[in-house]
Amino acid sequence: MAAWPFEPGSLPDLLPLYYRRLFPFGPYGRWLRYGGVPKSYFENREFSFTLRDDIYVRYQSFSNPQELEREIQKTNPYKIDIGAVYSHRPNQHNTVHMGAFQAQEKELVFDIDMTDYDDVRRCCSSADICPKCWTLMTIAIRIIDRALTEDFGIRHRLWVYSGRRGVHCWVCDDGVRKWSSTLRSAVVEYLTLVKGGEDTIKKVTLGDTIHPFISESLSIVEKYFEDYALVGQDILGSRESWDKVLALLPEHILFVYCSGKNEELEWDRKSCLSRGSLCHPGHPDKQKEIMLQYCFPRLDINVSKGVNHLLKSPFSVHPKTGRVSVPIDLKKVDEFDPFAVPTIRCLCAVSDYKKTSLAPYVRVFEEFLEEMDNFRKGELLRISDSKRDF
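Note that the coordinates shown come from a computational prediction; the quantities given were computed from them, not determined experimentally.

Engineer: What should I look at first to understand the sheet that holds strand E5 (residues 108–113) in this one?
Structural biologist: Within a sheet, each strand pairs with its neighbour through backbone hydrogen bonds, oriented either parallel or antiparallel. Read across the open sheet, the 3 strands follow the order E5-E7-E6; overall the sheet is antiparallel. Of all the strands in the sheet, the pair left with one neighbour each is E5 and strand E6 (157–161). The mean angle between the axes of side-by-side strands here comes to 15°, regardless of whether they run parallel or antiparallel. In this sheet, strand E7 (residues 166–171) lies alongside E6 in antiparallel orientation, the contact comprising 5 bridges. Bridged to Leu158 within E7 is Trp170.

If you want it as structure tokens, here you go:
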């Protein structure tokens, strides 16, 4: 889809209004304080601001959410990033003995960017998105979220629209926030299947035995593949696009659905459009590899494995689109529309976010916080009961 209907030059006038009237500082501060953590947990958290004229300010830290709110309203950052909880206050890192200033905790985060799918989408490229290719983000959320909950036993996941061309996930479980870089790397490796750079043609290769995670992921991809890839992207609709599909097949099965005409190969599109007959029945793994290469999530590994890596904050305004980075309701993933997300321009016409289109997204955020609070209270009650029984 073409340009976004937003003029970045209007940000200096709109951001002060947004931060004074509409940013949900109450639930936001409640999130980052968590429950049952020391006071220093918030104090030692790094925030980073990108100010006007691309001035980048790292290692900001605050005594409490109210102090953070005042600083945001004073500086009106174009972008807010959240980093790790450190051993010392980040704004004093230059006064700490070398080597003592260490990142200790942070949410496990995932960053999925549509530009990483440019080799398998025909409708858009680079920063552009449209409803056709947004299905890739829907598939990614469903695959990653299922694995987090069912394969790793994770409970608290906050999925957020980036404001432009992708999605972020914040895993907030108490134990997970303490994970080392080694553990984070292991999880991201488990969730990674599409491998290779721009020059790699075939990026998915399945072994003789398919791991249950891949089988579960395939069952999700299959629900979307025909409508997304064969119809929406029409991956067999031109010589160039079907040549990309052919390039993923071994030579010895290339001629199964191809016939010679005028010394050229012609792809039998009808056979491909039938579910489950994308290639030779004797090689079902090749069909699966094609489906996964076109639809499987593509994670930014570096974002996830580093404890000290920064990620854009929920409810930030994207400076290129004016769209707010809003939480995604996991109960309505298929219904999420990035083009219906509120923009700063439309929001600033009203003084109370509860009366704007931002309100439903804040409610999703509040429900996420309530679930975390209720779980923590249940755990405390369980521990108390076990001590009483003892």
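The discussion continues.
Engineer: Can you walk me through the pattern of salt bridges in this structure?
Structural biologist: With the rule as written, the count across this model stands at 26 salt bridges. A salt bridge links Glu367 to Arg363; the nearest nitrogen and oxygen atoms lie 3.7 Å apart. Residue Glu367 and its partner Arg363 are both found in helix H14 (residues 359–389); the two are separated by 4 residues, about one turn of the helix. The class of Glu367 is partly exposed, set by a relative accessible area of 28%. Among the residues examined, Arg363 registers a relative accessible area of 37% and is labelled partly exposed. Within this structure, Asp329, Lys331, Arg363, Glu366, Glu367 and Glu370 form a network of salt bridges that share partners.

Engineer: Got a minute to help me understand helix H5 (residues 131–151) in this structure?
Structural biologist: At 3.6 residues per turn, the α-helix brings residues three or four places apart onto the same side. Helix length check: H5, at 21 residues, gives a terminal C-alpha distance of 30 Å against a target of 30 Å (1.5 Å per residue), a fit within 8%. Where H5 ends, the next residue or the one after it, Gly153, has phi of about 70°, a positive value.

Engineer: Help me out: how do you make sense of the nonpolar core in this one?
Structural biologist: Most often, soluble globular proteins keep nonpolar side chains buried together rather than apart. Counting 109 residues, the largest nonpolar core has Tyr18, Trp31 and Phe110 as its most contacted members. Examining the composition of this core, we find that 11 residues originate from one element, H5, more than from any other. Not counting chain neighbours up to four residues away, the residues in contact with Phe110 comprise Leu148, Val167, His168, Cys169, Val171, Val187, Val188, Leu191, Leu299, Ser304 and Leu311. In this structure, Ala84, Val96, Phe101 and Val307 belong to the second largest nonpolar core, which totals 5 residues.

Engineer: Help me out: how do you make sense of the confidence of the model for the chain in this one?
Structural biologist: Note: predicted coordinates in regions of low pLDDT should not be interpreted at a detailed level. Per-residue confidence for the chain gives a mean pLDDT of 89, with 88% of residues at or over 70. Counting contacts from residues 257–277, a segment whose pLDDT is below 50, to residues more than four positions away or on other chains yields 41 contacts.

Engineer: I'm lost on helix H2 (residues 25–33) in this one. Help?
Structural biologist: Those residues of H2 that fall on the buried side of the exposure criterion are Phe25, Pro27, Tyr28, Gly29, Trp31 and Leu32. Trailing H2 by a residue or two, Tyr34 shows a phi angle of about 55°, which is positive.

Engineer: Mind showing me how you'd approach the packing of aromatic side chains here?
Structural biologist: We describe a pair of aromatic rings using the distance from one ring centre to the other and the angle between the two ring planes. Evaluation of the coordinates by the stated rule reveals 23 aromatic pairs. Ring geometry for Phe23 against Phe25: centres 4.5 Å apart, planes inclined by 40°, an arrangement best described as tilted. Accessibility expressed as a relative area gives 5% for Phe23, which makes it buried. The interplanar angle of 85° and the centroid separation of 5.3 Å between the aromatic rings of Trp31 and Trp170 together place this pair among those described as edge-to-face.

Engineer: When you look at unusual backbone geometry in this model, what are you seeing that I'm missing?
Structural biologist: For residues besides glycine, phi is generally negative; the peptide bonds are generally trans as well. Phi at Asp54 takes a positive value of approximately 60°, unusual for a residue other than glycine. Its place among the elements puts Asp54 in the loop between strand E1 (45–51) and strand E2 (55–60). According to the relative accessible area criterion, Asp54 is exposed, its value standing at 70%. Located in the positive-phi region is Asn76, a residue other than glycine, with phi close to 50°. Tracing the sequence through the fold places Asn76 in the loop between helix H4 (65–75) and strand E3 (79–86). Judged by relative accessible area, which is 16%, Asn76 ranks as buried.

Engineer: I'm lost on the pairing of E7 in this one. Help?
Structural biologist: A regular strand places its side chains so that they alternate between the two faces of the sheet. The buried count for E7 comes to 6 of 6 residues, which makes it a mostly enclosed element. By the alternation rule, side chains of E7 split into Gly166, His168 and Trp170 and Val167, Cys169 and Val171, which are all buried. As paired elements, E5 and E7 share 6 bridges and run antiparallel to each other. Counterpart to Ile112 in the pairing with E7 is Val167. Linking E6 back to E7 in an antiparallel pair, the connection comprises 4 residues, with Gly163 at a positive phi of about 100°.

Engineer: Looking at this model, I keep getting lost on the packing of H2 against H4. Mind explaining?
Structural biologist: The angle between the axes and the distance between the axes are what describe a pair of packed helices. Between H2 and H4, the shortest axis-to-axis distance is 10 Å and the interhelical angle comes to 130°. When the axis of H2 is compared with that of H4, the two are oblique. Once H2 is placed against H4, the crossing between them reads as right-handed. Here Phe25, Tyr28, Gly29 and Arg33 of H2 come into contact with H4, specifically with Pro65, Leu68, Glu69, Ile72 and Gln73. For the contact of H2 with H4, the residue count by class is 5 nonpolar, 2 polar and 2 charged.

Parameters and conventions
Residues numbered from 1 in each chain as written. Predicted model: local features only at pLDDT ≥ 70, side-chain atom pairs only at ≥ 80, totals over all residues. Heavy atoms only, no water. Pairing = 2+ DSSP bridges. Helix = DSSP H or I, 4+ residues; strand = E, 2+ residues; numbered from the N terminus. Axes fitted to C-alpha atoms, helices over the stretch in contact; angles between N-to-C directions. Salt bridge = Lys/Arg side-chain N within 4 Å of Asp/Glu carboxyl O. Buried < 20%, exposed > 50% of the residue type's maximum accessible area, 1.4 Å probe, protein only. Expected span 1.5 Å × (residues − 1). Core = buried A, V, L, I, M, F, W, Y, C linked by side-chain atoms within 4.5 Å. Contact = heavy atoms within 4.5 Å. pLDDT = per-residue confidence, 0-100. Phe/Tyr/Trp six-rings, centres within 6.5 Å; stacked < 30°, edge-to-face > 60°. Parallel < 35°, antiparallel > 145°, perpendicular 65-115°, else oblique. Left-handed = near helix turned anticlockwise from the far one by under 90°. Nonpolar A, V, L, I, M, F, W, Y, C, P; charged D, E, K, R; others polar.

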